[in-house]
Amino acid sequence: MRTAALRRCLAPALPAALPPSRGLCGRQLRGGGAAAAAARKITENAKKSLASLKRENPRLEPTLAIIQAHNDHLLQEINKNFAKEVGLRVIHICLPEGSSKDEIVNEISRLNEDPNVQGLALDLPESLYSSEVLNAVKPEKDVDGLSDINLGRLVRGNAYDCLVPPTACAVMELLEDLGGKTVLLVGAGGAVGAALQCMLQREGAATVSCRWKAPQLQTKLHQADVVVVGSTKPDDVPVSWIKPGTTIISCSRDLLSEKHNYGQQSNHAAENAVGSLAIAMRMQNMVKNTERWIQSQQYRKWDLRCLKLQPLSPVPSDIEISRAQSPKAVDVLAKEIGLLTDEIEIYGQTKAKVRLSLLERLKDQPDGKYVLVAGITPTPLGEGKSTVTIGLVQALTAHLNINSFACLRQPSQGPTFGVKGGAAGGGYAQVIPMEEFNLHLTGDIHAITAANNLLAAAIDARILHENTQSDKALYNRLVPVVNGVRGFSAIQLARLRRLGINKTNPETLTEEEMSKFARLDIDPSTITWQRVVDTNDRFLRRITVGQANTEKGFVRQAQFDIAVASEIMAILALTTSLQDMKERLGKMVVANDKKGEPVTAEDLGVTGALAVLMKDAIKPTLMQTLEGTPVFVHAGPFANIAHGNSSVLADKIALKLVGEKGFVVTEAGFGADIGMEKFFNIKCRASGLVPSVVVLVATVRALKMHGGGPNVTAGAPLKKEYTEENLQLVADGCCNLQKQIQITQLFGVPVVVALNVFKTDSPAEVDLVCKIAKQSGAFDAVPCNHWSAGGRGAVKLAQAVEKAANQKNSFKFLYSLELPIVEKIRIIAQKVYGAQDIELSPAAQSQVDRYTRQGFGNLPICMAKTHLSLSHQPEKKGVPIGFILPISDVRASIGAGFVYPLVGTMSTMPGLPTRPCFYDIDLDPVTEQVKGLF
């Protein structure tokens, strides 16, 4: 029927949607059997295509949503029947007649964002087909091809990227040999009319368009070889105006509703066949759309536009550098790295949450290379692991054109306003905007604070209520009568099962069972769950709660921790899914009962509520570096009582996004003896991921300190030993670097040393460090100038990391989980810290025995130790030997999944110094710009 040229034009974009065709008495009608045959063929082809797609994608259930704003049930039935025949799921949204455009647009917007709907079509009264309504449909869901974007693509001849209006395709299917003929479009305006004109002209036809009330209508009708009718013919237009033999196709929207009148004769068979052809083509469009949707779910090659840097000398302040760069809009960045629009939740202009559904979409995509940035034992000033992390990814992506992602921890506001300042990197290797990175971000820490304190409140409230109520009163309040019916909640039923009570009817429990169910009998002296706040506040280290008269004298000693020390933060960093997080939250042990058995968040019935508070926090936050490369910021657990690494989920998502040849670079807190050891033994066990390379960060300044240099104090000027060349100090201090290289080698992973160069470092000092590092077993050692030069200053490091990642990797854990708790502690102390042995206090030994008895002996170990020395004594620099490591206490984060021994005293609430950072932080009330962050 149609010519080959037309078929080529439409082949990739399939149609479907509006009505029929009908003849005027005594004139030639195209339709009938030919249209019915075409509809059957199209339906059969669409059915086969969809069946093939379903075989390749067994979980596929393509859904077409049709918004209808009239009471025409015939059209609805035809759509349902064709969809069923093809194998599509179709849902009708039937809005009342008289619905406004705003109501239609609101419904379209809802369906646009529904990930379970792959196609969207409109069956509306003519008056509602406005540009506003048609363009509200997302182009990728526009099955009827009526949006300006789809029509624009059609006009430009870009048929592969568009979907052609099904009614227009149905008309074209019924016409043949159009070359040189005159086609008159009467009352066929809007999107369908525009599409028809384009397609007819492409077939060589001369097209004329006019309204029914046009002055020359009679002349035009008489001259036309083909008449396409787009709306109902008025009664005052006689059939005699059309010359005999004219081909007439009607695509009026009201034909299926029998509201037409083209003459006394009626050809219902032809009419319904053409109408059915349009609907068949709508379904064909939907199948094509489904195929495109499947393709859109596949891994996408990055199309990243990096931002240019123009480093200045001297280097300005961090916030000045951050402000001088204009970041890309985060939705643009997301698209560049292959994220779908429904996989991001935008917060402002430069931040977005990324949904975990991406992991399912890219589950078959091979992971990229996994790089850990660790460090030597640092000075109190830090040695620049964050800047190395950022500089490395800027070098990889902006200068070597290799996909890379940085995964960083979210900083606590405690240090930001205290003494340390921000944690966005520094100089020309930063995450931007740095003030948004350091302040609130997307509220994850606030969510953790809310969840943590809800659980703390639940503990004290439960103790109060159990102490002031009888068993029966307590049971009746825990399982109240609602609307005359008493029932257990889901979490209460789970508690009954754990207690061995296999009953679901609250009325059938015995008095003993009711008491057992209702009473947790928490021993207040064993409560380990503390309230938290994200501020350094030393006066909350010891507090008394319950002093109001309403608490009836139930007073106890307690404390506040800083928010990032919460076990919920550690869980956020280690969880692998929403379900896994919920299970971990439920397992958190908050105290023991009076029989010595653990009491959990699940026992308190608060697990679901905690998960609700954390449902957004579990999604990593997407940001960017100064050079426009992607960064995930997610989780920020303490690096002493927790494992000090960013989230498993951020790493997993990033590894999928970078592709098989890309790199994900993440950072471990403190020195390699703490953060790296926990990364390997705790985080890698939780994630199942295998690291490719370790980048070990060192500075001449820190090595001089380990070589016997004077103390380094935050806020105080450096002594001359650190600003003048001193090769002997450097050589003596390299023992710490050598020890950290040896620790890395315990895990079988190649190590590249990154020497973070300062302007006071001499070339001889730099060369000496690199030489010793290579002699000590490092794969390579590279001086880096990213702080002053951006990614360009870390290109050699990036090249070394790329080479090291291709080396043989024999990664292994340091210890087996089956070993006793004490033996695992001893292995870490001796092999990592260099201790002669360990010594447990009686309290620590008692806790070890209790955790073993309670079934927690097979958890990994998370040592809580000073980061300023390999030993437990901060003043002992270099590589201490022969010491006995004292274990003062042993605690457990059961939900997070580790036991943490305390080496000496470990504060979980920092204090403010005499002159905190907040003295320099201010807000410009005119520009609203933050000042003083660093």
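Residues numbered from 1 in each chain as written. Predicted model: local features only at pLDDT ≥ 70, side-chain atom pairs only at ≥ 80, totals over all residues. Heavy atoms only, no water.

Trainee: Quick question: what am I supposed to make of the side chain of Thr246 here?
Mentor: Locating Thr246 in the fold gives a position in the loop between β7 (226-229) and β8 (247-250). Within the structure, the side chain of Thr246 is placed 2.7 Å from the backbone oxygen of Lys243, a separation counted as a polar contact. (Helix = DSSP H or I, 4+ residues; strand = E, 2+ residues; numbered from the N terminus. Polar contact = N/O pair within 3.5 Å; in protein donor to acceptor, adjacent residues only side chain to side chain.)

Trainee: Help me understand the pairing of strand β4 (residues 119-123) in this model?
Mentor: Within a regular strand, the side chains alternate between the two sheet faces. Within β4, five of the five residues are buried, which leaves the element mostly enclosed by the surrounding structure. Burial along β4 is two-sided: the face carrying Gly119, Ala121 and Asp123 and the face carrying Leu120 and Leu122 are both buried. In this sheet, β4 lies alongside strand β2 (residues 63-68) in parallel orientation, the contact comprising five bridges. For Gln68, the partnering residue across the bridge sits in β4 and is Asp123. (Buried < 20%, exposed > 50% of the residue type's maximum accessible area, 1.4 Å probe, protein only. Pairing = 2+ DSSP bridges.)

Trainee: It is not clear to me how the packing of helix α28 (residues 727-745) against helix α29 (residues 763-775) should be interpreted in this structure. Could you clarify?
Mentor: Describing two packed helices takes the angle between their axes plus the distance from one axis to the other. Two numbers describe how α28 lies on α29: the axes approach to 10 Å, and their chain directions differ by 30°. Here α28 runs over α29; the crossing is right-handed. Here Leu727, Val730, Ala731, Cys734, Leu737, Gln738 and Ile741 of α28 lie close against α29, whose contacting residues are Ala764, Glu765, Leu768, Val769, Ile772 and Ala773. Considering only residue class, the contact of α28 with α29 consists of eleven nonpolar, one polar and one charged. (Axes fitted to C-alpha atoms, helices over the stretch in contact; angles between N-to-C directions. Left-handed = near helix turned anticlockwise from the far one by under 90°. Contact = heavy atoms within 4.5 Å. Nonpolar A, V, L, I, M, F, W, Y, C, P; charged D, E, K, R; others polar.)

Trainee: In this structure, what is going on with the pattern of salt bridges? I would like to understand it.
Mentor: A side chain of one charge can pair with a side chain of the opposite charge if their charged atoms are brought near each other. Under the counting rule described, the total for this entry stands at 41 salt bridges. Between Arg89 and Glu61 there is a salt bridge, with the nearest N and O atoms lying 4.0 Å from each other. Taken together, the residues span a long stretch of sequence, with Arg89 in strand β3 (residues 89-94) and Glu61 in the loop between α2 (32-56) and β2 at a distance of 28 residues. When its relative accessible area of 52% is taken as the criterion, Glu61 is described as exposed. (Salt bridge = Lys/Arg side-chain N within 4 Å of Asp/Glu carboxyl O.)

Trainee: Explain unusual backbone geometry to me, please; I cannot follow it from the model alone.
Mentor: Excluding glycine, a negative phi dihedral is what most residues carry, and trans is how most peptide bonds are arranged. A cis amide bond, omega 0°, links Ser313 with the succeeding residue Pro314. Looking at the secondary structure, you find Pro314 in the loop between α10 (268-297) and α11 (318-324). Cis geometry marks the peptide bond from Ile432 to Pro433, where omega comes out at -10°. Within the element layout of this structure, Pro433 appears in the loop between β14 (429-432) and α16 (434-438). Positive phi values are uncommon outside glycine, yet Asp521 reaches one of about 50°.

Trainee: What is the right way to look at the packing of aromatic side chains in this model?
Mentor: Two numbers describe a pair of aromatic rings. These are the distance of the centres and the angle of the planes. All chains considered together, the criterion is met by 13 aromatic pairs. Between Tyr851 and Phe856, the ring centres sit 6.5 Å apart and the planes meet at 50°, which makes this aromatic pair tilted. Judged by relative accessible area, which is 9%, Tyr851 ranks as buried. Here the aromatic rings of Phe898 and Tyr900 are separated by 6.4 Å at their centres, their planes lie at 70°, and the arrangement is edge-to-face. (Phe/Tyr/Trp six-rings, centres within 6.5 Å; stacked < 30°, edge-to-face > 60°.)

Everything listed here is a matter of geometry and, on its own, says nothing about what the molecule does.
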